[in-house]
Amino acid sequence: DLEQAVAPREHDRGDREQEREARGHVALHPEEQAHRDRGARAGDARDERERLGEALFPFLKREGLSLEDFDGFLLHPGGSKVLETAEESLGLARDQIRYSWDTLKNFGNMSSATVLFVLKAALKDGARGRYLMAAFGPGFSAYFIVLEL
């Protein structure tokens, strides 16, 4: 049966989730993810704000950092709603994510790799200091890295 042949084994899923968590990705239980996905499709902005914090704050804690430790933020501009949600839920000023807004305006959303265009804009502008770079993927997956520019 082809479906059985390509379906991941249960322990494989756990190993992959541990790997992803170690790289800064926070995986949710499948039932919790399904519930959250339904809320996101229904346009539940409160749920999206909670999910961003649930992904980001454990990463910051592991790194011994807080939002105040950053000079700026290089966020994947997945759309204006994504950036507005980040501003609102993290208490960021528009200027703190200006490179993300500029990239969205100039190029649109080109998947999570768009964050590299955000980084390029920051470097071209001579940005210096500690920045948090974040890329977002489907089903609300998030990847974070701390950069010294």
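Just so you know, these numbers come straight off a predicted model, no measurement behind them.

**Observations concerning the confidence of the model for the protein**
Averaged over the protein, the pLDDT score is 79; the fraction of residues at 70 or greater is 67%. Predicted confidence is poor over residues 1-14, with pLDDT under 50, and the contacts of this stretch with residues over four places away or in other chains come to two contacts. In this model, residues 38-43 is a region of pLDDT below 50 whose contacts with residues beyond four sequence positions or in other chains number six contacts.

**Remarks on the side chain of T103**
Along the chain, the position of T103 falls in helix α6 (residues 98-107). Here Y99 takes part through its backbone oxygen, which lies 2.8 Å from a polar atom of the side chain of T103. Apart from residues lying up to four places away in sequence, T103 is in contact with P77, G108, T114, F117, V118 and A121.

**With respect to the side chain of E87**
Counting through the fold element by element, E87 comes out in helix α5 (residues 80-90). Separated by 2.7 Å, the side chains of E87 and R94 make a polar contact. One polar contact links E87 to W101, side chain to side chain, over a distance of 2.9 Å. Setting aside anything within four residues of it in sequence, one finds E87 in contact with L92, R94, I97 and W101.

**Regarding the pairing of strand β3 (residues 141-148)**
Of the pairings in the sheet, the one linking strand β2 (residues 130-137) to β3 comprises eight bridges and is antiparallel in character. From the neighbouring strand, L132 faces β3, where its bridge partner is V146. The hairpin turn running from β2 into β3, its antiparallel successor, is three residues long, and G139 in that turn takes a positive phi close to 65 degrees.

Criteria and cut-off values
Residues numbered from 1 in each chain as written. Predicted model: local features only at pLDDT ≥ 70, side-chain atom pairs only at ≥ 80, totals over all residues. Heavy atoms only, no water. pLDDT = per-residue confidence, 0-100. Contact = heavy atoms within 4.5 Å. Helix = DSSP H or I, 4+ residues; strand = E, 2+ residues; numbered from the N terminus. Polar contact = N/O pair within 3.5 Å; in protein donor to acceptor, adjacent residues only side chain to side chain. Pairing = 2+ DSSP bridges.

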